[in-house]
Protein chains: 2
Amino acid sequence: MSDMSIRSAYAGAVTSSPRWLTGPEQRAWQAYRRMTLLLNARISRELADDCGLSDPDYDVLSNLGESAERRCRVNELADRMLWSRSRLSHHLTRMQQRGLVSREHCADDGRGAVVVLTDAGLRKLEEAAAGHVEAVRRHFIDLLTPEEIDAFAGIGETVVTHLTDEGGAPA
Amino acid sequence: MSDMSIRSAYAGAVTSSPRWLTGPEQRAWQAYRRMTLLLNARISRELADDCGLSDPDYDVLSNLGESAERRCRVNELADRMLWSRSRLSHHLTRMQQRGLVSREHCADDGRGAVVVLTDAGLRKLEEAAAGHVEAVRRHFIDLLTPEEIDAFAGIGETVVTHLTDEGGAPA
DNA sequence: CCGCGATAGTTGACGTGTCACCGATGCACC
DNA sequence: GGTGCATCGGTGACACGTCAACTATCGCGG
């Protein structure tokens, strides 16, 4: 969804008018699209080059790392990460094959499973953390003034609140 | 990359200190991560439900729609979209199979290919555009004040400029 | 204790994105 | 007019994410 494209596509398509985006609005939307595309690509790439972890790998590891006993019910982990169960299950399978996590049966609930951060997983996480923080700083945080940081956080939270309240949570 | 996770992982991992994220900085980073996750998911989903197009499908269609003669060299299209050639090639193959675009040989350059928006592709684009704009408004633009819109655009552009200048462009 | 809907988690199929590599053409330089 | 390298674009293998379907267990009402 780049720049003028939506507008011209729309202009060609319709004769009456829903509320099209104004100039500043288009600018914000374009900035959003491009920023997320480039920033995610860049941070993922540095993480992968540094230590062979993908972005989702790091997410899982860091969430497990802060869990009590370095273990967590699959479902609870999915909720915390805003991931679908399916996505998490697939990803855990891949990470398990690489020895970063393991699965255990849950004593309390016969249906349940517990994911455990292995020692190898913890080492990987420790290896990755500092570099990841630096990347986030270098490509995002340090580019902004403190006022911009706060403004951005507020905007993001507004959007997140709207989406979670409106039933937009992942399956 | 959620909330406290990076911090605690880091705190467990290292004894000396690179510059960790402060509270407001963590808040901004978390807001960014969650906003992009939820907003992209939501807008993609509405687009898919409305007219069976994925987000990348719409990107390609709208870029082609604003091209002269509704056609474009593959390479130029990739550059405009900030996509890798490989990604675009794969996606064009899939869209071609669905009849949304077609490929032609380029007269000027024997290596080249030209992508053309088919009539079916144009109809799909027209069908999708209004709903897409409304979704962008409903879940993003209309949630923000004009001041926030401008601030956001400025922040996004700062980040994009930094990343493109630093050689972070996709392959 | 049985039936039955709800919940936990997994799986398979498929669309998507990346990486490494390839074949072909263009182009500059000798 | 050949040599050599860059560029154009495509392909195959694989990682990732979604959807729909499935199994197994839970827990409630009878």
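This text follows the structure it describes.
Computed from a prediction, not measured in an experiment: that's the story for all the values here.

Colleague: Is there a simple way to think about the packing of helix α3 (residues 55–65) of chain B against helix α4 (residues 74–81) of chain B in this case?
Modeller: Two quantities define a packed helix pair, namely the angle between the helix axes and the distance between the axes. Residues and elements named next belong to chain B. The geometry of α3 relative to α4 is characterised by a closest axis approach of 11 Å and an angle of 115° between their N-to-C directions. Classed by the angle they form, the pair α3 and α4 counts as roughly perpendicular. For α3 against α4, the interelement crossing comes out right-handed. On α4, the residues that touch Asp59, Val60, Asn63 and Leu64 of α3 are Leu77, Arg80 and Met81.

Colleague: Explain the protein's contact with DNA strand D to me, please; I cannot follow it from the model alone.
Modeller: Taken together, 23 residues lie near DNA strand D, and A:Ser86, A:Arg87, B:Arg45, B:Asn75 and B:His90 sit nearest. Restricting attention to atoms of DNA strand D within 4 Å of the protein, one finds that 69% of them are sugar or phosphate atoms. Here a phosphate oxygen of DNA strand D and a side-chain polar atom of A:Arg87 are 2.6 Å apart. B:Arg85 places a polar side-chain atom, nitrogen or oxygen, 3.1 Å from a phosphate oxygen of DNA strand D. Within the residue set of the surface near DNA strand D, elements represented by two or more residues are α5 (85–97) of chain A together with α4 and α5 (85–97) of chain B. Tallying contributions element by element places α5(A) first for the surface near DNA strand D, with five residues. Considered class by class, the residues forming the surface near DNA strand D number three nonpolar, eleven polar and nine charged.

Colleague: Quick question: what am I supposed to make of the interface of chain B and chain A here?
Modeller: Interface size, as often reported, equals the accessible area lost upon joining of the parts. Counting from both sides, the interface comprises 78 residues of chain B and, opposite them, 78 residues of chain A. Scanning the region where chain B abuts chain A turns up ten salt bridges. A:Asp59 serves as the salt-bridge partner of B:Arg33, at 3.5 Å between the closest nitrogen and oxygen. Linking chain B to chain A there are 21 residue pairs in polar contact (both at pLDDT 80 or more). Among the elements of the structure, α1 (5–13), α2 (23–51), α3, α4, α6 (119–139) and α7 (146–165) of chain B are those that each provide at least two residues to the side of chain B that touches chain A. Top element by residues in the side of chain B that touches chain A is α2(B). It accounts for 18 residues. Here the side of chain B that touches chain A is built from residues that sort into 40 nonpolar, 18 polar and 20 charged.

Colleague: How should the sheet that holds strand β2 (residues 101–105) of chain A be read in this particular structure?
Modeller: Two orientations exist for strands paired in a sheet by backbone hydrogen bonds: parallel and antiparallel. Residue and element names in this part refer to chain A. An order of β1-β3-β2 is seen for the three strands of this open sheet, with the pairing classed as antiparallel. Of all strands in the sheet, those with a lone pairing partner are β1 (71–73) and β2, marking the two edges. The mean inter-strand angle of the sheet, taken between neighbouring strand axes irrespective of direction, is 30°. Pairing analysis gives three bridges linking β1 to strand β3 (residues 113–117), with the strands arranged antiparallel. Residue pairing across strands places Arg73 opposite Val114, the latter belonging to β3. In the packing of α5 onto the sheet, the strands contacted are β2 and β3, and the crossing angle to β2 comes to about 115°.

Colleague: I tried to follow the relation of the copies chain B and chain A on my own but got confused; where do I start?
Modeller: Superposition of the two copies of the chain requires a rotation about an axis and a shift along the axis. Once chain B has been moved 0.0 Å along the axis and rotated by 180°, it coincides with chain A to within an RMSD of 0.0 Å. Here the symmetry operator amounts to a two-fold rotation axis.

Colleague: Hey, could you run me through the sheet that holds strand β2 (residues 101–105) of chain B in this one?
Modeller: Residue and element names in this part refer to chain B. Pairing is antiparallel in the open sheet, where three strands are placed in the order β1-β3-β2. Each of the sheet's edge strands pairs with one partner strand only, and the pair in question is β1 (71–73) and β2. Between one strand axis and the next, the sheet turns by 30° as a mean value, whatever way the strands run. Here α3 sits on the sheet in contact with β1, β2 and β3 (113–117), set at roughly 95° to β3.

Colleague: Explain the layout of surface pockets to me, please; I cannot follow it from the model alone.
Modeller: Taking a probe equal in size to a water molecule and rolling it over the atoms shows the remaining empty space. Here the second largest pocket defines a volume of roughly 450 Å³. Looking at the second largest pocket, it is lined by 20 residues, and the ones nearest its centre are A:Arg33, A:Thr36, A:Leu37, B:Asp55 and B:Asp59. Counting residues per element, the lining of the second largest pocket draws most heavily on helix α2 (residues 23–51) of chain A, at six residues. Tallied by class, residues from the lining of the second largest pocket come to seven nonpolar, seven polar and six charged.

Colleague: Whenever I open this one, the protein's contact with DNA strand C confuses me. Can you help?
Modeller: Taken together, 22 residues sit near DNA strand C, with A:Arg45, A:Asn75, A:His90, A:Arg103 and B:Ser86 positioned nearest. In DNA strand C, the atoms that sit within 4 Å of the protein are 68% sugar and phosphate, with bases accounting for the remainder. Between DNA strand C and the protein, one listed contact pairs a phosphate oxygen with a side-chain N or O atom of A:Arg73 at 3.1 Å. Taking A:Ser86, its side chain carries an N or O atom lying 3.2 Å from a base oxygen of DNA strand C. Sorting the residues of the surface near DNA strand C by element identifies α4 (74–81) and α5 of chain A together with α5 of chain B as the ones contributing at least two each. Broken down by element, the surface near DNA strand C gets its largest block of residues, five residues, from α5(B). Residue composition of the surface near DNA strand C, grouped by class: three nonpolar, ten polar and nine charged.

Colleague: Just checking my understanding: could you explain the packing of α2(A) against helix α6 (residues 119–139) of chain A for this structure?
Modeller: Residue and element names in this part refer to chain A. Direction vectors running N to C along α2 and α6 enclose 145°, while the axes themselves pass 10 Å from each other. With respect to the hand of their crossing, α2 and α6 are arranged in right-handed fashion. Of the residues in α6, those in contact with Leu39, Arg42, Ile43, Glu46, Leu47, Asp50 and Cys51 of α2 are Lys124, Glu127, Ala128, Gly131, His132, Ala135, Val136, Arg138 and His139. Here the contact of α2 with α6 is composed, by residue class, of seven nonpolar, three polar and six charged.

Criteria and thresholds
Residues numbered from 1 in each chain as written. Chains lettered and ligands numbered in written order. Predicted model: local features only at pLDDT ≥ 70, side-chain atom pairs only at ≥ 80, totals over all residues. Heavy atoms only, no water. Axes fitted to C-alpha atoms, helices over the stretch in contact; angles between N-to-C directions. Helix = DSSP H or I, 4+ residues; strand = E, 2+ residues; numbered from the N terminus. Parallel < 35°, antiparallel > 145°, perpendicular 65-115°, else oblique. Left-handed = near helix turned anticlockwise from the far one by under 90°. Contact = heavy atoms within 4.5 Å. Near = heavy atom within 4 Å. Polar contact = N/O pair within 3.5 Å; in protein donor to acceptor, adjacent residues only side chain to side chain. Nonpolar A, V, L, I, M, F, W, Y, C, P; charged D, E, K, R; others polar. Salt bridge = Lys/Arg side-chain N within 4 Å of Asp/Glu carboxyl O. Pairing = 2+ DSSP bridges. Least-squares fit on C-alpha atoms with pLDDT ≥ 70 in both. 1 Å grid on protein atoms, 1.4 Å probe; cavity = no way out; pocket = protein on both sides within 12 Å on 5 of 7 lines; lining within 4 Å. Points joined across faces, edges and corners; volume = space filled by probe spheres on them.

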